[in-house]
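Close look at the chain arrangement
Listed below are the residues making up each chain.
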Amino acid sequence: MIKLIKSTFYKEEKTKRELIKFIKSAKILSFGLECKKFERNFAKYQGGKHCVMVNSGSSANLAIIQSLLNLGKIKQGELVAFSALTWSTNAMPILELGLQAVPIDVELDTLNVSSRTLTKILDKYPIKMAFLTNLLGFCDDIDKIKKLCLERKIILIEDNCESLGTVYKGEKLGNFGLASSFSFYVGHHMSTIEGGAVCTDSEALATMLRMVRAHGWDRNLSLSRQNKLRNKFKVNETFYSRYTFYDLGYNFRSTEIAGFLGSVQLKYIDEIIKKRQKNFIKMAIPIYSNTKKFLPIKYDHIDFLSNFAVPVICRSVKIRDELVRRCENKVEIRPIVGGDMTKQPFFAKHQAIFKKILGNSNAKLIHEQGLYFGNNPELTETEMKLIIKIFAQ
Ligand SMILES: Cc1ncc(COP(=O)(O)O)c(C=O)c1O
């Protein structure tokens, strides 16, 4: 069986040896210097000003929305548009935090929201924020989406949990909006076992994210930021300043283990994504050229495609079912990410009024006729040949 994920880490043995050494010598294993070091390293890699490390991609999404609420950039009850084809914990925090989640359809050939599908929703509903997923390393015209959001004064946030390293028109995905989330869960581009991060160039948002990440207190802020807050709220005594909670928060902190692993794995990230890109090209070209079976997927507009799975959209449910059968006990497959969110029970329960607004959508078609198999850097030539044989024939 060719599994989606082969190992927890890239260079597993070496990484585990380094981890054992680190744990033996570390005095502190709760959030500390290693997490901060990783934040500096990751911000540099991504090319952004701030990185706030958290304990998962889902926490990153929740932290972004809570921070925007705390800052008054969005208000409860307002409308947030999101990609209908995404993962559950992209859409869920919108609902959990008292906002309304409006689905946007995706393009069939890029799997992603485009300026065209976004405009359709913006023209119909008073949207305050667009929380868009860059699905499986792909994107549509996100430069135009950015422009559109600027023109219409809509906050653009990217869920980049699946697209670390993809470059579009000279810019890394995750750098088009006000902030972006990342996941370091096993099987994503790099792993800290569980883990995530938010990147942003906004100092105010990064400061709020650091409070939201840890109980709503100010301990992880710079001295000047702490002084400002303490003066504003007249918190003069150290006895109380350590236990003053300024705004709504959670505990999303990472451990030093994740911070350490993050820096170790980040050293390999270029190698990892290059291998995956090579694998993708090797498998996608013969498989996608079977146009009798599959609908076309476009990626030639992307400078560098970085994904951890290869999606296929079958021309019919029958073809998809036949493929599922052929893959049994040979290749591990799954639906495309979380499928069409409007088809999920949680959406019908908590956001029934927007459940049917997309009608017969592309997201629905992808839900019903799509699937993906893994693209990990450890795939062998023999395994790739078998995958091609099963899919391309
Ligand atoms: C688009 C998207 N957002 C968020 C997440 C959540 O990340 P995590 O599993 O680290 O919580 C995932 C997970 O795969 C994802 O695919």
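Note that the structure is predicted; figures quoted are calculated from it, not measured. (Residues numbered from 1 in each chain as written. Predicted model: local features only at pLDDT ≥ 70, side-chain atom pairs only at ≥ 80, totals over all residues. Heavy atoms only, no water.)

**Quick word on the site of the ligand**
The immediate surroundings of the ligand are formed by 15 residues, with Gly 57, Ser 58, Asp 159, Glu 162 and Ser 183 found nearest. In this structure, a nitrogen atom belonging to the ligand sits 2.7 Å away from a side-chain N or O atom of Asp 159. Interatomic distance of 3.1 Å between a side-chain N/O atom of His 188 and an oxygen atom of the ligand. Contact with the protein chains covers 90% of the free accessible surface of the ligand, which is 390 Å². It is helix 3 (residues 57-70) that contributes the most residues to the shell around the ligand, 3 residues altogether. For the shell around the ligand, the residue count by class is 3 nonpolar, 10 polar and 2 charged. (Near = heavy atom within 4 Å. Polar contact = N/O pair within 3.5 Å; in protein donor to acceptor, adjacent residues only side chain to side chain. Areas by Shrake-Rupley, 256 points an atom, 1.4 Å probe, with all protein chains shown as cover. Helix = DSSP H or I, 4+ residues; strand = E, 2+ residues; numbered from the N terminus. Nonpolar A, V, L, I, M, F, W, Y, C, P; charged D, E, K, R; others polar.)

**A look at the nonpolar core**
Of all hydrophobic cores here, the largest spans 102 residues; its most connected members are Ile 65, Leu 118, Met 129, Leu 136, Met 283, Ile 287 and Phe 391. In terms of residue count, helix 3 provides more of this core than any other element does, 7 residues in total. Residues contacting Ile 65, with those up to four places away along its chain left out, are Ile 74, Pro 93, Ile 94, Leu 97, Leu 99, Met 129 and Phe 131. Listed in part, the 20 residues of the second largest apolar core include Phe 31, Leu 164, Met 190 and Ile 269. (Core = buried A, V, L, I, M, F, W, Y, C linked by side-chain atoms within 4.5 Å. Buried < 20%, exposed > 50% of the residue type's maximum accessible area, 1.4 Å probe, protein only. Contact = heavy atoms within 4.5 Å.)

**Some points on the environment of Ser 30**
Along the chain, Ser 30 falls in the loop between helix 1 (12-25) and helix 2 (33-46). The partly exposed category is assigned to Ser 30, whose relative accessible area is 48%. Taking the C-alpha atoms as reference points, Ser 30 and Ala 348, separated by 318 residues in sequence, lie 39 Å from one another.

**Some points on helix 5 (residues 115-122)**
Buried residues of helix 5: Ser 115, Thr 117, Leu 118, Ile 121 and Leu 122, and no others. One face of helix 5 carries all of its buried residues, which in axial projection span an arc of 165 degrees. Where helix 5 is buried, its residues contact strand 2 (79-83), strand 3 (100-104), strand 4 (127-133) and helix 6 (142-151). (Arc of directions from axis to C-beta.)

**Some remarks on the state of the cysteines**
If you walk through the whole model with that rule in mind, you get 0 disulfides. Left without a disulfide partner, Cys 35 is nearest to the cysteine sulfur of Cys 51, which lies 10 Å away. Counting only cysteine sulfurs, Cys 327 is the nearest neighbor of Cys 314, a cysteine outside any disulfide, at a range of 9.5 Å. (Disulfide = S-S within 2.5 Å.)

**A short note on the sheet that holds strand 12 (residues 370-374)**
Read from one edge to the other, the open sheet built from 3 strands follows the order 10-12-11, with strand pairing classed as antiparallel. Every other strand in the sheet has two partners, leaving strand 10 (309-313) and strand 11 (333-334) as the edge strands with one partner each. Here 5 bridges tie strand 10 to strand 12, and the two strands are oriented antiparallel to one another. Of the residues in strand 12, the one forming a bridge with Pro 311 is Tyr 372. Across the face of the sheet, helix 12 (residues 317-327) comes into contact with strand 10, strand 11 and strand 12 while running at roughly 25 degrees to strand 12. (Pairing = 2+ DSSP bridges. Axes fitted to C-alpha atoms, helices over the stretch in contact; angles between N-to-C directions.)

**With respect to the sheet that holds strand 5 (residues 155-159)**
Reading across the sheet, the 7 strands line up as 1-9-8-5-4-2-3 and stay open at both edges, with mixed pairing between neighbours. Edge positions in the sheet fall to strand 1 (50-54) and strand 3, since each of these pairs with one other strand and no more. The mean angle between the axes of side-by-side strands here comes to 20 degrees, regardless of whether they run parallel or antiparallel. Along the sheet, helix 3 contacts strand 1, strand 4, strand 5, strand 8 (179-183) and strand 9 (196-200); its crossing angle with strand 8, the most-contacted strand, is approximately 160 degrees. Lying over the sheet, helix 4 (residues 88-96) contacts strand 2, strand 3, strand 4 and strand 5, oriented at roughly 170 degrees with respect to strand 2.

**Side note on the domain arrangement of the protein chain**
By domain assignment, the protein chain separates into domain 1 (12-266) and domain 2 (269-392). For domain 1 and domain 2, the distance between their C-alpha centres works out to 25 Å. Between domain 1 and domain 2, a total of about 3700 Å² is buried, with carbon and sulfur atoms accounting for 69% of that surface. Seen at the junction of domain 1 and domain 2, the total is 0 salt bridges. Of all the secondary structure elements, the ones that give two or more residues to the side of domain 1 that touches domain 2 are strand 2, helix 4, strand 3, strand 6 (167-168) and helix 10 (256-266). Looking at the side of domain 1 that touches domain 2 residue by residue, the classes come out as 29 nonpolar, 13 polar and 6 charged. (Domains from an automatic or database assignment. Buried area = accessible area lost by both parts, 1.4 Å probe. Salt bridge = Lys/Arg side-chain N within 4 Å of Asp/Glu carboxyl O.)

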